[in-house]
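Survey of secondary and tertiary structure
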Amino acid sequence: MDSPIPFLDLNLLPDPSTAVMAAATSPKSATINSSVNKFVETGRLLTPKLEPKLEPFDDVYQTPVTQQSQPVQERFLSSTSSNFFSNSDFARTPFSDQNHHPFSQSSSISSDKDSVYSEFYRISQLFRTAFGKGSQSNGDVEVVDPDSRAIVPVPDENHMSTMVVSKRRYDKRSSELVRVTDLGVDDQRYFRDVVRRTRMVFDSLRVLSMPEEEKSSGLIRRLRSDLRASSLMRERGLWLNRDKRIVGSIPGVHIGDLFFFRMELCVVGLHGQAQAGIDYVPASQSSNGEPIATSVIVSGGYEDDEDSGDTIIYTGHGGQDKFSKQCMHQKLEGGNLALERSMHYGIEVRVIRGMKYAGSVTSKIYVYDGLYRILECWFDVGKSGFGVYKFKLLRIDGQAEMGSSILRFAENLRSKPLSLRPSGYLSLDISMKKEAVPVLLFNDIDNDQEPLYYEYLVGTVFPPFAFHQSGSGTGCSCVSGCVHDCFCAMKNGGEFAYDQNGCLVRGKPIIFECGPFCQCPPQCRNRVSQKGLKHRLEVFRSRETGWGVRSLDLIPAGAFICEYAGVVLTREQAQVLSMNGDTLIYPNRFSDRWAEWGDLSQIYSNYVRPSYPSVPPLDFAMDVSRMRNVACYISHSTSPNVLVQFVLYDHNNLMFPHLMLFAMENIPPLRELSIDYGVADEWSGKLAICN
DNA sequence: GTATAGTCACTTTG
DNA sequence: CCAAAGTGACTATA
């Protein structure tokens, strides 16, 4: 019998992907010994209590590295304007006086209280109030013009109706510049949840405002569903971090987090510019009249950029024609000036990389890569012969592995796993080709090989009587694929649970996929989870969570991951087995995370959580003691990135649904997956997984 | 068929 | 109130 390991919440641990590329030179861990990720009952399972802790305002502000603060325009223009346009000899001359180079004096932090940067202060719990409700201080809500009214779909429990939402005048972003430091564990978890919830709303709105397939009226609308989603959220005050301008990391956003849209960056406050690559507090709002940069996006849109990971030569903005060709000299203004001022004061900037991502669509993804310092700034001749500003950025030490390099590593790992990780692989497919894509087994920290000793189970084994039920032979007759009002759509309450890409649109108590009794083809949109794995998964050994699971591919939010498979036992059978100490899963104990997915109650006051089709309390257990699949190695978290959704397809017996796992966020490659296994039952003390 | 170039409709900020 | 920042979805072309 396994000995249970102490409960560890994945989210309290450093991102395991940071260790991915570390060399496999570590002492053996003899204490971790668990085949399934289980946990013992502890008080830490329950809701964290948020204890406000106020930090003194005074002693925590940051001061400029250089005490003297010359008027910047004067300083710059006087030192450069003479040779600015004389072209021939743009030397590599840093604008900053060497004596005042930020890094040369960065250790000397003055405590000058009259410093222009006294508004930098540590803030912890102040943000808590600011976050939750969208921090509206707007008394003036008004309709700007009657034509700017938007008709938006409003989901109610069974169908879509419409309502009219008027556009409002928005608040400007705050000018208050702050840095958030020393967040406690509870705070981190809180902000993570807020960010995740916000991104879920964004995704739901985006998917809901996508055009449905037909639209045969000939009126082809180009619909930017990302813009629609963000503007709806803005109307509701759901954009994050608008009441403070945060320099440094954004609470709840981790290094390596992935975004598919620029507007998504705006919504969470990671980067506030819809198009521009440099975000900054403008001089007009800054307390000392100097602009300060907060974040940059390295998108590859400037020919003079040189990105080598930890160091970046970043080109300032401007000087391009509408065809993105340099056509004139850049000026030291706007974001360019802000970057220079940030360098002057030694203030870090967030770096987001826009990268082409092979797979899915040909679009870009944005990766948050952490904080960088600006080392140098100079004026140079660009490739096109026009003057450009260049900034040398250096990544600050001690941060988690860059998301962009993990992406690249994972991409290479796809084609040549053994040459990139010559040791550690125990198996290149523990499913022995039973799954559509391989499930790898990796352990580079100890000698445990346990997952090799189980028979691989692709799908849950139900008792024969589960199939003997009246009505189990009915299905749709959509020979050419299901349409929106077909029989199977009706079974699901009149709408399909999945979008055209097979992503879960809204969680439901249970989903009816098309099955063997339906006439529709295999590529029907209502067949998703029954087709098995799409993303390559890897069971891996971790010092913190025992065995864990991660993906080698990017898993987009809402995508199906895998089934949680086992051998179904009735209550009586389970009682016998549990006395023998076998490992059982109790499906009814998983938290109802499906309810969060697609929850638009923050947008629509009349939103009701789907309650149809209803599902009776589940009264079975699953045995995974001999046969199991990849899912039972997934770790527990109270802030999980994977949800459990009940699905039926091969029979219609509501008592015995499949447990299907879907991504709750964009899960980067090599990041550990986690499920909320539920909290201990107050009376029995039992958990989803029990011995 | 697949990559690339071009075109168009957008939004927020300072 | 407007200029400036560039994307994302689509269409045409190589």
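The rules behind the values
- Residues numbered from 1 in each chain as written.
- Chains lettered and ligands numbered in written order.
- Predicted model: local features only at pLDDT ≥ 70, side-chain atom pairs only at ≥ 80, totals over all residues.
- Heavy atoms only, no water.
- Near = heavy atom within 4 Å.
- Polar contact = N/O pair within 3.5 Å; in protein donor to acceptor, adjacent residues only side chain to side chain.
- Nonpolar A, V, L, I, M, F, W, Y, C, P; charged D, E, K, R; others polar.
- 1 Å grid on protein atoms, 1.4 Å probe; cavity = no way out; pocket = protein on both sides within 12 Å on 5 of 7 lines; lining within 4 Å.
- Points joined across faces, edges and corners; volume = space filled by probe spheres on them.
- Phe/Tyr/Trp six-rings, centres within 6.5 Å; stacked < 30°, edge-to-face > 60°.
- Helix = DSSP H or I, 4+ residues; strand = E, 2+ residues; numbered from the N terminus.
- Buried < 20%, exposed > 50% of the residue type's maximum accessible area, 1.4 Å probe, protein only.
- Lys NZ or Arg CZ within 6 Å of the ring centre and 35° of its normal.
- Domains from an automatic or database assignment.
- Contact = heavy atoms within 4.5 Å.
- Buried area = accessible area lost by both parts, 1.4 Å probe.
- Salt bridge = Lys/Arg side-chain N within 4 Å of Asp/Glu carboxyl O.
- Axes fitted to C-alpha atoms, helices over the stretch in contact; angles between N-to-C directions.
- Parallel < 35°, antiparallel > 145°, perpendicular 65-115°, else oblique.
- Left-handed = near helix turned anticlockwise from the far one by under 90°.
- Core = buried A, V, L, I, M, F, W, Y, C linked by side-chain atoms within 4.5 Å.

Points about the protein's contact with DNA strand C
Surrounding DNA strand C, one finds 15 residues, the nearest of these being Arg224, Arg262, Gln275, Ser299 and Gly318. The sugar-phosphate share of atoms of DNA strand C within 4 Å of the protein amounts to 61%. Between DNA strand C and Arg262 there is a distance of 3.1 Å, counted from a phosphate oxygen to a backbone nitrogen or oxygen. In terms of residue class, the surface near DNA strand C is built from six nonpolar, four polar and five charged.

Overview of empty space enclosed by the protein
Overall, the coordinates contain nine cavities of 30 Å³ or more when judged by the stated rule. Roughly 110 Å³ of internal volume is contained in the largest cavity. Around the largest cavity, the lining comprises 15 residues; the ones closest to its centre are Arg173, Asn241, Arg245, Gly269 and Asp279. Tallied by class, residues from the lining of the largest cavity come to five nonpolar, four polar and six charged.

Let's talk about the packing of aromatic side chains
Within this structure, the stated rule accounts for twelve aromatic pairs. Relative to Tyr677, the ring of Tyr564 has its centre 6.3 Å away and its plane inclined at 85°; by these criteria the two rings are edge-to-face. Of this pair, Tyr564 sits in the loop between β19 (560–563) and β20 (567–570) while Tyr677 is found in the loop between β27 (674–675) and β28 (689–690), placing the two residues 113 residues apart along the sequence. The exposure class of Tyr564 is buried, given its relative accessible area of 0%. Where Phe620 meets Phe656, the ring centres are 5.3 Å apart and the plane angle is 40°; that geometry is what we call tilted. Residue Phe620 is found in strand β22 (residues 620–623), and its partner Phe656 is found in the loop between β25 (642–648) and β26 (658–663); the two are separated by 36 residues along the sequence. The class for Phe620 is buried, based on a relative accessible area of 2%. These aromatic residues form a ring-pair network of at least three members: Phe462, Phe465, Phe620 and Phe656. Here Arg234 stacks its cationic end above the ring of Trp239, 5.0 Å away from the centre of that ring. The positively charged end of Arg550 is found above the aromatic ring belonging to Phe540, 3.9 Å away from the centroid.

Quick look at the protein's contact with DNA strand B
Around DNA strand B, the surrounding shell holds 17 residues, and the nearest of these are Arg234, Arg242, Tyr280, Pro282 and Phe323. The contact atoms of DNA strand B, taken as those within 4 Å of the protein, divide so that sugar and phosphate hold 81%. In this structure, Arg234 approaches DNA strand B through a side-chain N or O atom, which is 3.0 Å from a phosphate oxygen. Taken together, the residues that form the surface near DNA strand B break down as seven nonpolar, four polar and six charged.

Thoughts on the domain arrangement of chain A
For interface size, the figure often reported is the accessible area lost on association. Once the domains are mapped, chain A shows domain 1 (177–213 + 223–412) and domain 2 (425–675). Its C-alpha centre places domain 1 at a distance of 35 Å from the equivalent point of domain 2. In this assembly, 34 residues from domain 1 lie in contact with 30 residues from domain 2. Around 2,500 Å² of area is buried between domain 1 and domain 2 when both sides are counted, 57% of it from carbon and sulfur atoms. Summed over the three residues of domain 1 that lose the most area to domain 2, namely Arg196, Met200 and Leu258, the buried surface amounts to 22% of that side. Counting the contacts that link domain 1 with domain 2 gives three salt bridges. A salt bridge links Arg671 to Asp257; the nearest nitrogen and oxygen atoms lie 2.8 Å apart. One can count eleven residue pairs in polar contact (both at pLDDT 80 or more) joining domain 1 with domain 2. The set of elements that each furnish at least two residues to the side of domain 1 that touches domain 2 consists of α3 (185–208), α4 (225–235), β5 (258–259) and α7 (403–415).

Concerning the packing of α3 against α4
Geometrically, a packed helix pair is captured by the angle between its two axes and the distance between the axes. Look at α3 against α4: their axes get within 8 Å of each other, and the N-to-C directions meet at 130°. If you check the angle between α3 and α4, you find them oblique. Crossing handedness for the pair α3 and α4: right-handed. Across the interface between the two elements, Thr198, Val201, Phe202, Leu205 and Arg206 of α3 pack against Ser225, Asp226, Ala229, Ser230, Leu232 and Met233 of α4. Within the contact of α3 with α4, the residues separate by chemical class into six nonpolar, three polar and two charged.

Details of the nonpolar core
Within the largest apolar cluster, 45 residues are counted, with the highest numbers of intra-cluster contacts made by Val539, Ile561, Tyr564, Leu661 and Ile675. Those elements giving two or more residues to this core turn out to be β14 (439–442), β17 (537–542), β18 (546–551), β19, β22, β25 and β26. Counting 21 residues, the second largest nonpolar core, distinct from the first, contains Val298, Ala338, Cys377 and Phe391.

Quick notes on the environment of Leu659
In this fold, Leu659 is placed in strand β26. Taking the C-alpha atoms as reference points, Leu659 and Val647, twelve residues apart in sequence, are found 6.5 Å from one another. When near neighbours in sequence (up to four residues on either side) are disregarded, Leu659 contacts Cys562, Glu563, Tyr564, Pro587, Phe590, Phe620, Met622, Val644, Gln645 and Phe646.

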